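Observations on the three-dimensional arrangement
Next come the chains, spelled out residue by residue.
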Amino acid sequence: MDGVEHRKVKANGINIHVVEKGEGEGNGEAFNPIILFIHGFPQSSFSWRHQIQALASLGYRTLAPDLRGYGDSDAPSDVGSYTCFHVVGDLIGVLDAMGADQVFVVGHDWGAIIAWYFCLFRPDRVKALVNMSVAYYPRHPIYKPLQLYRRLYGDNFYICRFQAGEMEREIAEINWELTAAWTGSEVKVPTKFIVGDMDLTYHFQDAKEYINGGEFKKNVPLLEEVVVLEGVGHFLQEEKPDEINKHIHEFFHNFLFA
């Protein structure tokens, strides 16, 4: 990526690699806007290369960290060090270290899940959210995620097959246990959701009805727009970068001076 700065930021006790480009608030005063990009599995900050370049050219300061365990960021050996609270804590630490108070957030795939958690735990740090591919589903009060997936889709569902190791099973269950206090909670930040009509996530059982009906809006009251891109699969920010860049900028532009 041309013209980007690679930084190692000490956050939450580990080193987080951050790709940065563009001018923005460096002294904590909201002037030029900051976008925090959160990548998915099994990717890295590189998945946002098209957005980093385009949005920086439009006057945003763009920050794209490698999440813990990914890319050039530290990878703690302890299984319990990968909960949603650790990952969101890392991101808060990055923003604090880089003088960013409130930011725009963009997430995709696993990064979309982390973005939902980010908005649940620290809505005060988010101006607006563009999330992609993975919709927000409130924590189920009875069934753990893997139990729910197996009930709906069977043992051969791809997420279930990823859980071959003890670490994967532990993280899924730990996150469910730790987020009990957020059962039934709503995400209350201005949100735009984008998904491709060829994305597997859009074809999960009842997903179309949930996303396009009233339930998604009920759980995300400030959901302002749902965009379904025709002929686009899961990695939409790489498949249709120009279109995604336009959607991000047009939505965030509404909140630049809010």
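In what follows, the structure referred to is the one given above.
Residues numbered from 1 in each chain as written. Predicted model: local features only at pLDDT ≥ 70, side-chain atom pairs only at ≥ 80, totals over all residues. Heavy atoms only, no water.

What about the packing of helix α1 (residues 49-57) against helix α10 (residues 241-253)?
If you want to describe how two helices pack, look at the angle between their axes and the distance between the axes. The condition that has to hold: To obtain an axis, a line is fitted to C-alpha atoms, over the contacting stretch when the element is a helix, and the angle between two such axes runs from 0 to 180 degrees between their N-to-C directions. What counts as a helix is a DSSP run of H or I of at least four residues, what counts as a strand is a run of E of at least two, and both are numbered from the N terminus. Here the angle decides the label: under 35 degrees means roughly parallel, over 145 means roughly antiparallel, 65 to 115 means roughly perpendicular, and every other value means oblique. Left-handed is the label given to a crossing in which the near helix is rotated counterclockwise from the far helix by less than a right angle, and right-handed is the label when the rotation is clockwise. Residues count as neighbours in contact if any of their non-hydrogen atoms are within 4.5 Å of one another. Throughout this entry, Asp, Glu, Lys and Arg are counted as charged residues, while Ala, Val, Leu, Ile, Met, Phe, Trp, Tyr, Cys and Pro are counted as nonpolar. The remaining residues, Gly among them, count as polar.
Where α1 meets α10, the closest approach of the two axes is 10 Å, and the angle between their N-to-C directions is 50°. The angle between α1 and α10 places the two elements in the oblique class. By crossing handedness, the relation of α1 to α10 is classed as right-handed. When α1 is examined against α10, the residues His50, Gln51, Ala54 and Leu55 are found in contact with a partner set consisting of Pro241, Ile244, Asn245, Ile248 and His249. Along the lines of polarity and charge, the residues of the contact of α1 with α10 split into five nonpolar, four polar and no charged.

Let's talk about the packing of helix α2 (residues 84-97) against helix α3 (residues 110-121)
Contact geometry for α2 and α3: axes closest at 10 Å, N-to-C directions at 75°. In terms of orientation, α2 lies roughly perpendicular with respect to α3. For the pair α2 and α3, contact is made by Cys84, Phe85, Val87, Val88, Leu91, Ile92 and Leu95 and by Ile114, Tyr117, Phe118 and Phe121, respectively. Each residue belonging to the contact of α2 with α3 can be placed in one class, and the counts come to eleven nonpolar, no polar and no charged.

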